[in-house]
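# Observations on the three-dimensional arrangement
What follows is the residue order along each chain.
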Amino acid sequence: MRIAVSVTDDEKFTQHFGRAQKFLIYEFDGENTEFIDRRESIKIPGEKHQWGKSLKVVDDCDVVICLQIGMTAKPGLKSMGKKVVEDEGPVEEVLTRFVEHEKFMNKPLNF
């Protein structure tokens, strides 16, 4: 599973999907997470509705983790089969929360 995290310019915290100029890309195999790429999505100051520029950068990703996402962008991503997770905080903490949740949800039930 490929995960894109929209990040602030200093790459420390999650950022709004449409405003993010950087995305960190990770590969998650169900057990381990590995950083694989850093991508830029250049935005024009003052221009509205730039989520399409972000979408092009994360097109090959299965999951998008961001601080927030607009009312048009969210259903757009979901209609493309992408999972959208809104979470706030340092990138490593947000990524860890997502991975732990995925591991828990995919754990076999023992009856």
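Each remark here, short or long, concerns the structure printed above.
All figures in this text were calculated on a predicted structure; none of them were measured in a lab.

### Here's the deal with the packing of aromatic side chains
A complete count under the given rule lists two aromatic pairs for this structure. Relative to F23, the ring of F17 has its centre 5.8 Å away and its plane inclined at 70 degrees; by these criteria the two rings are edge-to-face. Accessibility assignment for this pair places F17 and F23 in one class, buried. On the numbers, 5.6 Å between centres and 70 degrees between planes, the contact of Y26 with F35 is edge-to-face. Assessed through its relative accessible area of 6%, Y26 is described here as buried. With relative accessibility at 38%, the residue F35 sits in the partly exposed group.

### Concerning the environment of N106
Note on placement: N106 falls in the segment after α3 (91-105). By relative accessible area, N106 is classed as exposed at 58%. Remark: the alpha-carbon pair of N106 and G30, spanning 76 residues in sequence, is separated by 8.5 Å. For N106, the side chain forms a polar contact with the main-chain oxygen of E102, separated by 2.9 Å.

### Things to note about the pattern of salt bridges
One pass over the structure, following the stated rule, counts nine salt bridges. One salt bridge connects R2 with E27, and the closest N-O pair in it is separated by 3.2 Å. Here E27 lies in strand β2 (residues 22-28) and R2 lies in strand β1 (residues 2-7), a separation of 25 residues in the sequence. You can call R2 partly exposed: its relative accessible area is 24%. According to the relative accessible area criterion, E27 is partly exposed, its value standing at 27%. The salt bridge partner of E11 is R38, with a shortest N-O separation of 2.8 Å. With E11 in the loop between β1 and β2 and R38 in strand β3 (residues 33-40), this residue pair connects regions lying 27 residues apart in the sequence. Residue class for R38 comes out partly exposed when judged on its relative accessible area of 46%. Several salt bridges converge on common partners, so that one network encompasses R2, E27, D37, R39 and D60.

### Some thoughts on the environment of D59
With respect to the element layout, D59 can be found in the loop between α1 (51-57) and β4 (63-66). Residue class for D59 comes out partly exposed when judged on its relative accessible area of 46%. Distance from D59 to A4, taken between C-alpha atoms, is 9.5 Å for residues 55 residues apart in sequence. Once you skip the residues sitting within four places of it in the chain, D59 turns out to touch M80 and K82.

Calculation criteria
For every chain, the first residue of the written sequence is number 1, and numbering continues from 1 onward in sequence order. Local features in a predicted model are, by the rule used here, given only for residues with pLDDT of at least 70; side-chain atom pairs are given and counted only at 80 or more, and totals for whole chains, interfaces and linings are based on all residues. Excluding hydrogens and water, the side-chain figures rest on all heavy atoms present in the structure. Only rings of Phe, Tyr and Trp enter the pairing, Trp through its six-membered ring, and a pair is recorded when the two centres are within 6.5 Å. The plane angle decides the type: under 30 degrees is stacked, over 60 is edge-to-face, the rest tilted. Burial here depends on accessible area, computed with a 1.4 Å probe over protein chains only, as a share of the maximum for the residue type. Under 20% is buried, over 50% is exposed, and the range in between is partly exposed. Working definition: helices are DSSP H or I runs of at least four residues, strands are E runs of at least two. Numbering for both runs from the N terminus. Polar contact is the term for a pair of N or O atoms within 3.5 Å; when the atoms are in protein, one must be able to donate a hydrogen and the other to accept it, and sequence-neighboring residues count only if both atoms are side-chain atoms. Any carboxyl oxygen of Asp or Glu that lies within 4 Å of a side-chain nitrogen of Lys or Arg is treated as forming a salt bridge with it. Whether two residues are in contact is decided by their heavy atoms, any of which lying within 4.5 Å being enough.

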